[in-house]
Amino acid sequence: MGIDPARLDGPIVGVASAWTATMPCNLNHLELAGRVADGVAAAGGVALAFNTIAVSDNQSQATPGMRASLISREVIADSIELMVRAHDFDALVCIVGCDKTAPAALMALARVDKPAVVVYSGPMRAGRLRGREVTIQDVWEAVGAEERGLIPRAELDELERHACPGAGTCAGHFTANTMAVALDCLGLASIGDGLVPADELEVKGAAAERAGALAVGLAGGGPTARRFLDRRALLNAMAAIAATGGSTNGILHLLAIAREAGVPLTLDELADVGTRTPVIASLAPSGRFMAEDLHRAGGTPALIRELVRGGYLDGSAPTVGGTTLDEATRDAAAPDGEVLFTVDEPFKPTGALHALRGNLAPDGSLVKLAAGRRFQQGPARVFDSEEACTDAVRAGAVRAGDVLVVRYEGPAGGPGMREMLSVTASVVGAGLGESVALVTDGRFSGATRGLMVGHVAPEAARGGPLALVRDGDTITIDIDAKRLTLELGDDELAQRVAAWQPPPLSDAGGVFARYRALVGSASEGAVLLPDRV
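Let us look at the structure shown here.

Analysis parameters
- Residues numbered from 1 in each chain as written.
- Predicted model: local features only at pLDDT ≥ 70, side-chain atom pairs only at ≥ 80, totals over all residues.
- Heavy atoms only, no water.
- Patch = residues over 30% accessible without salt bridge, like charges linked within 9 Å, V, L, I, M, F, W, Y side chains within 5 Å.
- Areas by Shrake-Rupley, 256 points an atom, 1.4 Å probe, with all protein chains shown as cover.
- Salt bridge = Lys/Arg side-chain N within 4 Å of Asp/Glu carboxyl O.
- Helix = DSSP H or I, 4+ residues; strand = E, 2+ residues; numbered from the N terminus.
- Pairing = 2+ DSSP bridges.
- Axes fitted to C-alpha atoms, helices over the stretch in contact; angles between N-to-C directions.
- Contact = heavy atoms within 4.5 Å.
- Buried < 20%, exposed > 50% of the residue type's maximum accessible area, 1.4 Å probe, protein only.
- Right-handed = clockwise from strand over helix to strand, strands pointing away.
- Phe/Tyr/Trp six-rings, centres within 6.5 Å; stacked < 30°, edge-to-face > 60°.
- 1 Å grid on protein atoms, 1.4 Å probe; cavity = no way out; pocket = protein on both sides within 12 Å on 5 of 7 lines; lining within 4 Å.
- Points joined across faces, edges and corners; volume = space filled by probe spheres on them.
- Nonpolar A, V, L, I, M, F, W, Y, C, P; charged D, E, K, R; others polar.

**Focus on a nonpolar patch on the surface**
Taken together, Ile53, Val75 and Val511 make up a surface patch of nonpolar side chains, about 190 Å² in accessible area. Position of Val511 relative to the elements: it lies in helix α18 (residues 510-518).

As C-alpha cells, this is what we get:
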C-alpha cells in the first residue's frame, strides 16, 4: 500500500467521503480527501480513505428513484459505522455535501463516538441568466410553468443550461446548506470553512488540510463525537437552522441524530425553537440571497456571533478547535443589514418552522411558512401518490382554494418519504402558490415554498388519519393555533377507521422492503427501529 511501517505507530485517521460522479454536489470530494490526507500526514498520522454513496435528490425528483434518497441516509451511516468498527480508526474526518450525507455522517459518529472532524464540501455558485441569479429552484418552478403553457420549452431548456454552473451543493439555502450551518453550530466542523464555495479550490483544500491535522491532534485523548451531539448542541443547531430560514428536513435529521446519540429530544421541542427564533438571514427560497452571499457577508461565524449576542444560541458549547462557540466567533463580522440582520431588527421577527397537530396529525406535522398565509380552510383533493397529484396540477384540474392531500408517500408507505418538489413547484409554476395548500405524509425539498404541510404522522400506510380523508372533506390549516384539522365529527371518523383497509402499496424488494419493515415515524426522525421486526 506504500505506507512506511514506521509511521503506523502514529494516529490512524479514517477519511470518509461521499464522492460520486452522478451529480455536481460531491464532485470535489476526492480532491478534498487527498488534501485531508496531506494534513494528516503533515501532522504525523496515516490517512486511510474510503468512500460511501450519495443520492441526488434533484436528479431523482418526481421519479421512483426519489424513494432512495432518505433510505440512503441510513445506508451511508451504516457504511461509515461498519468501516470504523472493522478498522478501529483512532479518529475520523467525514467529508459531506449533498442532503443526506451530513446527517448520515453525524448519525454514524454518534454510534461509534470517535474523535472526529466534519468537512462540508461547499455550495455551488448561483447561475446567471439575463442579468439575474438562477438556481435549481427556478428550474423546477419553470417545469410547472412550461407544463401549463405559461412559458415555451426553449425558455425552460435555456434556464436548465444556466442554473447549475459547476460543482457544489445547491446554491440556495436548501437542505444541504441548512445542514452545513447546523454542522458549525454543533461544533464538529471548523467554523466558517463550510460555506466556502466548492469552486474556491485552494481555500477549500487548505480547510481540508487543517481538518486532517486537527483530527490527528484529537486522536488518542481528544473529545469524542458525542461531546458535540448533546442536547445543548442540537438545540443550537436548530436555532441556526431557524435563523437562516432553513429546511424542514433539518428537523427530521436532528431528530435522527438525537436518537442515535441517546439524547431525549422531541419534534415539538425543536419546532418551538424554530418558531421563536427570529430569521436574521435573507436566503433563498424565502429571501433574496444565496449561500455564497452569506459566506461573503461573514458566514456562519457572523451568524453565530449574532445569535449568541441575542441569547438564542448557547455560546459556551465546545468546538473541535478547543474553543467555545462564543470564543471562536467573537471577532466575526457584524451583520451587514442586507444578507444578515441583527436580532434586534431581524429579516423576519419569528421563525418559519412550525409543528402542527390535530386530528389529522396526532403525532405532529411540519410546515415551513416562508411568507403569506397562516390559515387556509378548503376542500380536500385526495391523491394516493405524488405522480397522480402532479398530473392533476399540470392538467389544470386543481383550483384555487383546494387543499391537496398526497398520501402513502411516508417513510414506510413510499417507501422512502419522497420529497414533493414536483408537486409544489408545479403549483407555484401554475400560478397557484398563493391559493392552494398541500398536506402530505411525504416531505419537502428545501426549495419548497408556499403553504405546504409535510411529515404528517402517523402516516397513511400505517393507518394514520390521512388515510381517511375523502375528496371534498374540509381541511383546516391554522399556523397560529398550531392545528391541522379534518373537519369531521368523531362518529364519522370512527366509522371510517372501522371501514379502512390498507391499500396495496408500491412493490418493494431488497433494501426498500427492509426499510419499509423497520422504519419508524417521521415525528421521531424516520430512523430504523430493530424492535419493529
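Once you've had a look at it, read on.
**A short note on the sheet that holds strand β3 (residues 91-96)**
Judged by pairing direction, the sheet is parallel, and its four strands sit side by side in the order β2-β1-β3-β4 without closing on themselves. The sheet terminates laterally at β2 (46-51) and β4 (116-120), the two strands that pair on one side only. Across this sheet, the average inter-strand angle for adjacent strands is 20°, counted without regard to direction. Here strand β1 (residues 12-17) pairs with β2 via six bridges, running parallel. Within the sheet, the bridge partner assigned to Val15 lies in β2 and is Ala49. Seen against the sheet, helix α4 (residues 101-112) touches β3 and β4 and runs at an angle of roughly 165° to β3.

**Digging into the side chain of Thr485**
Within the fold, Thr485 resides in strand β14 (residues 483-486). Here Thr485 is in contact with Asn359, Leu360, Thr474, Ile475 and Thr476, once residues within four sequence places are set aside.

**Observations concerning the pairing of β4**
Burial within β4 is extensive, with five of its five residues counted as buried. Alternating residues of β4 divide into Ala116, Val118 and Tyr120 and Val117 and Val119, and every residue in both groups is buried. Sheet analysis places β3 next to β4, joined by five bridges and oriented parallel. The residue bridging Val93 from the neighbouring strand is Val117, located in β4. The parallel pair β3 and β4, bridged by α4, forms a crossover whose chirality is right-handed.

**Things to note about the packing of aromatic side chains**
Inspection of the entire model under this criterion finds two aromatic pairs. Measuring from ring centre to ring centre gives 5.8 Å for Phe50 and Phe89, while their planes differ by 5°; the resulting arrangement is stacked. Taken together, the positions of Phe50 in strand β2 and Phe89 in the loop between α3 (67-87) and β3 put the pair 39 residues apart, joining distant regions of the chain.

**What about empty space enclosed by the protein?**
Using the criterion set out here, one finds six cavities of 30 Å³ or more in the structure. A volume near 110 Å³ is recorded for the second largest cavity. As for the second largest cavity, its lining consists of 15 residues, of which Val118, Val119, Tyr120, Asp193 and Gly194 are closest to the centre. Of all the secondary structure elements, the ones that give two or more residues to the lining of the second largest cavity are β4, α7 (175-186) and α8 (201-218). In terms of residue class, the lining of the second largest cavity is made up of ten nonpolar, two polar and three charged.

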